[in-house]
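# Observations on chain architecture
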Amino acid sequence: MTSSADHLPGRADPADGAERGRAAVTAPAAPAAGTPEEPARGRPAARGAGARPRRRLWRTNWYAYLFVAPSLFGVFAFLLLPLLIVLGLSLFHWELLSSPSFAGLANYRRLAGDGETWHSVWVTVLFVLLSIPAQTVLGLLLALLLNQRVKGVAFYRALFVVPWMATPIVMGLVWTWIFDPRDGALNKLLGVAGVSGPDWLTDPSWALPSVALVNVWQYSGYTMLFFLAGLQGIPQELYDAAATDGASPVQRFFQITLPLLNPTTFFVTVTNLVGAFQIFDTVYAMTDGGPSGSTEVLNFRIFETAFRRFDFGYASTLAALLFLLILAVTLAQVRFFAKRTTYDLS
């Protein structure tokens, strides 16, 4: 006989609770709304749902793509497309006036045994070693001098940039006259001091250093501009704190200035190296690759092979070699500066 209190509202029957507990253990959990097992109520899963955000992003930012399009067109038309054409031509024999004939890897096998080309590569490397370190150091020294608050500093900054603004052909012709062994200004100045100047551009020992000197003179102002911008981006508080701690000017330079100039050094070194490997105008104007091939850099040999010997297939192979050299040097620089560069000074 049961009590009526056992069936009052709000009183739980122990047997019923046990049954419900067993049902909860054995029954599978219902999937949450919106999960792959059961789509959210009122939101049926649609095929290609991942494409919707992309279409929505395109509709929202289409005007941004319009602004980027001219630059992308320039990269494709003047960088990627010529590179593909050159790589394609390197697989052909083509003398310009005749139809191209497929050669496969014959041009590359010819390159492997071409001593003159490898001599040009060596001349190019020597030119880079003679010009880039001097150009970088001189640009940094000029930036340090012109970062001072002195009267007329703006005039001097513009003065050092003027050679960079001139065309290399014109500068080459001017320096050809300066280096003239008989009537040149340089040998006349040396003669006043009692020194007999050499034949700068006709002596194989002096020709390449002379061309490198002109390159350093012309592009040091370009390097100085970027170092000057980098110096002005270093907070003065760092120098003040170091001076308070007793650091000397030399210590402040090596512990603060040089490390924080690594991004600038990386940029100017990469751009200057790419330009030095592609040197042509100055060599063409001053020495025409001579004397005895002492200034025949790789870019000049490409020009000579293509437009004097009309061997465009092999010239394209040389151009591909130059591209690989520049790419290898650039990647080495990226790896070197990767862990030595600080961009955030906050």
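Taking 1.5 Å per residue, 16 residues should reach 22 Å; helix α11 (residues 262-277) reaches 22 Å between its end C-alpha atoms and fits that length. Taken together, the buried positions of α11 are occupied by Asn262, Pro263, Thr264, Thr265, Phe266, Val268, Thr269, Val270, Asn272, Leu273, Ala276 and Phe277. Where α11 is buried, its residues meet α4 (115-146), α8 (204-232), α10 (249-260), α13 (298-307) and α14 (312-338).

On the surface, Arg54, Arg55, Arg56 and Arg59 cluster together into a positively charged patch. Mapped onto the elements of the fold, Arg56 is located in helix α2 (residues 51-89).

The next point concerns the confidence of the model for the protein. The share of residues in the protein with pLDDT of 70 or more is 83%, and the mean pLDDT across the chain is 85. Low pLDDT, under 50, characterises residues 1-15; the predicted model gives this stretch 3 contacts beyond four residues in sequence or across chains. In this model, residues 17-42 is a region of pLDDT below 50 whose contacts with residues beyond four sequence positions or in other chains number 9 contacts.

Okay, the layout of surface pockets next. Approximately 480 Å³ is the volume attributed to the largest pocket. At the level of elements, α8, α9 (236-244) and α10 are the ones that each hand at least two residues to the lining of the largest pocket. In terms of residue count, the dominant contributor to the lining of the largest pocket is α10 (4 residues). A per-class count over the lining of the largest pocket returns 6 nonpolar, 5 polar and 2 charged. Estimates place the volume of the second largest pocket at around 380 Å³. Around the second largest pocket, the lining is made up of 14 residues, and of these Leu79, Leu83, Gln278, Ala319 and Phe323 lie nearest the centre. Residues belonging to the lining of the second largest pocket are distributed by class as follows: 12 nonpolar, 2 polar and no charged.

It is worth spelling out unusual backbone geometry at this point. Negative phi values dominate among residues other than glycine, just as trans dominates among peptide bonds. Omega for the bond connecting Gly290 with Pro291 falls within 30 degrees of zero, at -5°, which places this linkage in the cis form. Even without glycine at this site, Leu96 takes up a positive phi of about 70°. As for its placement among the helices and strands, Leu96 is situated in the loop between β1 (92-93) and β2 (101-102).

With the rule as written, the count across this model stands at 20 aromatic pairs. Through a chain of ring-to-ring contacts, the aromatic side chains of Trp94, Phe280, Tyr284, Phe300, Phe303, Phe307 and Phe312 assemble into a single cluster. Over the ring of Tyr314 we find Arg110; its NZ or CZ atom is 3.7 Å from the centre of that ring.

Moving on: the side chain of Ser210. Here Ser210 is to be found in helix α8. Relative accessible area serves as the criterion here: at 3%, Ser210 is assigned to the buried category.

Contact pair α4 / α11: the axes reach a minimum separation of 9 Å and the direction vectors enclose 145°. For the element pair α4 and α11, the recorded crossing hand is right-handed. Between α4 and α11, the residues in contact are Thr124, Phe127, Val128, Ser131, Ile132 and Gln135 and Asn272, Leu273, Ala276 and Phe277, respectively. Split into classes, the residues belonging to the contact of α4 with α11 amount to 6 nonpolar, 4 polar and no charged.

Inspection of every chain in the model, using the stated rule, returns 6 salt bridges. Measuring nitrogen to oxygen at the nearest pair gives 3.3 Å for the salt bridge that ties Arg301 to Glu116. With a gap of 185 residues between them, Arg301 in helix α13 and Glu116 in helix α4 connect regions that are remote in the sequence. Across the pair Asp288 and Arg308 runs a salt bridge, and its minimum N-O distance is 3.0 Å. Highlighted residues: Asp288 in the loop between α12 (281-286) and α13 and Arg308 in the loop between α13 and α14, separated in sequence by 20 residues. Residue Asp288 is classed as partly exposed on the basis of its relative accessible area, which comes to 36%. Using a relative accessible area of 38% as the deciding quantity, one classes Arg308 as partly exposed.

Conventions and cut-offs
- Residues numbered from 1 in each chain as written.
- Predicted model: local features only at pLDDT ≥ 70, side-chain atom pairs only at ≥ 80, totals over all residues.
- Heavy atoms only, no water.
- Helix = DSSP H or I, 4+ residues; strand = E, 2+ residues; numbered from the N terminus.
- Expected span 1.5 Å × (residues − 1).
- Buried < 20%, exposed > 50% of the residue type's maximum accessible area, 1.4 Å probe, protein only.
- Contact = heavy atoms within 4.5 Å.
- Patch = residues over 30% accessible without salt bridge, like charges linked within 9 Å, V, L, I, M, F, W, Y side chains within 5 Å.
- Areas by Shrake-Rupley, 256 points an atom, 1.4 Å probe, with all protein chains shown as cover.
- Salt bridge = Lys/Arg side-chain N within 4 Å of Asp/Glu carboxyl O.
- Lys, Arg positive; Asp, Glu negative; His and termini not counted.
- Charge placed at Lys NZ, Arg CZ, Asp CG, Glu CD.
- pLDDT = per-residue confidence, 0-100.
- 1 Å grid on protein atoms, 1.4 Å probe; cavity = no way out; pocket = protein on both sides within 12 Å on 5 of 7 lines; lining within 4 Å.
- Points joined across faces, edges and corners; volume = space filled by probe spheres on them.
- Nonpolar A, V, L, I, M, F, W, Y, C, P; charged D, E, K, R; others polar.
- Phe/Tyr/Trp six-rings, centres within 6.5 Å; stacked < 30°, edge-to-face > 60°.
- Lys NZ or Arg CZ within 6 Å of the ring centre and 35° of its normal.
- Axes fitted to C-alpha atoms, helices over the stretch in contact; angles between N-to-C directions.
- Left-handed = near helix turned anticlockwise from the far one by under 90°.

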